[in-house]
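Per-entry structural report
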Amino acid sequence: MRRKIIVKSLPLEYQRFIDGSGPHGTIICAMGTVKVAFKSQYRTLLMQTFSNLKQRVIFKTDRNGYYGSNILMTKWLPEQKLLLSHPNVKLFITHTGRNSALEAIEEGIPVLALPMFCDQFRLAAQLMNHTKMAISLDMNTVTTEVLINTIEELVTNDTYRNNARRASVVYR
């Protein structure tokens, strides 16, 4: 019996947004589905940070639309793994929930970990200390300047990308 292989593709709006990101690439930011811990001040901090970046950002949040020329806000993301597998995606900003951490490893994408509760802190520490493909920051104390500098480090320092790719090979 043959297995049927289904090839999925990104919805056109996301495909065009990422394809049009040029040499700076795109960042995916998804802080999970449990919104209790995600305060409005966190969203404001991230929006201020993203508006100062060269990269385009797809930000899963509580509204839809564009913010400036580089931020696509969305209540819904297509299959996250599809987004992360796009060659123009340079970084994944996440709460480091289990699924998000595994998808980042599988696709070999560096991570900016912003854990909020439960096992997210442990998973962020593992991505940072064991695979060396991530930097973890505390959302309660981080500033826009620190976020911008950390994003720049993760996107431009090839060590993180190489470590993420190495972790992906081991994982697969």
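Residues numbered from 1 in each chain as written. Predicted model: local features only at pLDDT ≥ 70, side-chain atom pairs only at ≥ 80, totals over all residues. Heavy atoms only, no water.

**Concerning the environment of phenylalanine 50**
With respect to the helices, strands and loops of the structure, phenylalanine 50 is situated in helix H2 (residues 40-50). Separated by 18 residues in sequence, phenylalanine 50 and glycine 68 have C-alpha atoms that sit 9.8 Å apart. Excluding its chain neighbours within four sequence positions, the residues that come into contact with phenylalanine 50 are Cys29, Val57, Phe59, Asn70, Ile71 and Ile93. (Helix = DSSP H or I, 4+ residues; strand = E, 2+ residues; numbered from the N terminus. Contact = heavy atoms within 4.5 Å.)

**Section: the layout of surface pockets**
Volume-wise, the largest pocket comes out at about 230 Å³. If you go around the largest pocket, the residues you meet are Ala30, Gly32, Thr33, Lys60, Leu77, Gln80, His95, Gly97, Arg98, Asn99, Ser100 and Glu103. No other element matches the four residues that helix H4 (residues 98-107) contributes to the lining of the largest pocket. (1 Å grid on protein atoms, 1.4 Å probe; cavity = no way out; pocket = protein on both sides within 12 Å on 5 of 7 lines; lining within 4 Å. Points joined across faces, edges and corners; volume = space filled by probe spheres on them.)

**Digging into the packing of H2 against helix H6 (residues 144-156)**
Each pair of packed helices can be described by the angle between their axes along with the distance between the axes. Across the interface, H2 lies against H6 with an axial gap of 9 Å and an inter-helix angle of 55 degrees. Considered as vectors, H2 and H6 are oriented oblique to each other. The two elements H2 and H6 meet at a crossing, and its hand is right-handed. Contacts between H2 and H6 involve Leu45, Leu46, Gln48 and Thr49 from the former and Thr144, Leu147, Ile148 and Ile151 from the latter. (Axes fitted to C-alpha atoms, helices over the stretch in contact; angles between N-to-C directions. Parallel < 35°, antiparallel > 145°, perpendicular 65-115°, else oblique. Left-handed = near helix turned anticlockwise from the far one by under 90°.)

**Describing unusual backbone geometry**
Phi at cysteine 118 is positive, roughly 55 degrees, even though this residue is not glycine. Among the structural elements, cysteine 118 can be located in the loop between strand S6 (111-113) and helix H5 (120-129). Notably, lysine 132 is not glycine yet its phi reads approximately 55 degrees, a positive angle. Relative to the assigned elements, lysine 132 resides in the loop between H5 and strand S7 (134-136). By relative accessible area, which is 48% here, lysine 132 ends up partly exposed. (Buried < 20%, exposed > 50% of the residue type's maximum accessible area, 1.4 Å probe, protein only.)

**Brief notes about the packing of aromatic side chains**
The relative placement of two aromatic rings is captured by the distance of their centres and the angle of their planes. Applying the stated criterion across every chain, the model contains three aromatic pairs. Where phenylalanine 17 meets tyrosine 66, the ring centres are 6.0 Å apart and the plane angle is 50 degrees; that geometry is what we call tilted. One end of the pair, phenylalanine 17, is in helix H1 (residues 12-19); the other, tyrosine 66, is in strand S3 (residues 65-67), and 49 residues separate them in sequence. We classify phenylalanine 17 as buried; its relative accessible area is 5%. Taking the relative accessible area as the measure of exposure, tyrosine 66 reaches 46% and is therefore partly exposed. Here the guanidinium or amino end of arginine 56 rests over the ring plane of phenylalanine 17, the centre of that ring lying 4.8 Å away. (Phe/Tyr/Trp six-rings, centres within 6.5 Å; stacked < 30°, edge-to-face > 60°. Lys NZ or Arg CZ within 6 Å of the ring centre and 35° of its normal.)

**Focus: the pairing of strand S1 (residues 26-30)**
Where a strand is regular, its side chains alternate between the two sheet faces. Of all five residues making up S1, five are buried, and the element is well covered by its neighbours. The alternating pattern of S1 places Thr26, Ile28 and Ala30 and Ile27 and Cys29 on opposite faces, both of which are buried. Both S1 and strand S2 (residues 56-60) contribute to a ladder of five bridges, which runs parallel. Residue alanine 30 lies in a different strand from S2, and its bridge partner there is lysine 60. Where S1 meets strand S5 (residues 89-94), five bridges bridge the pair, whose relative direction is parallel. (Pairing = 2+ DSSP bridges.)

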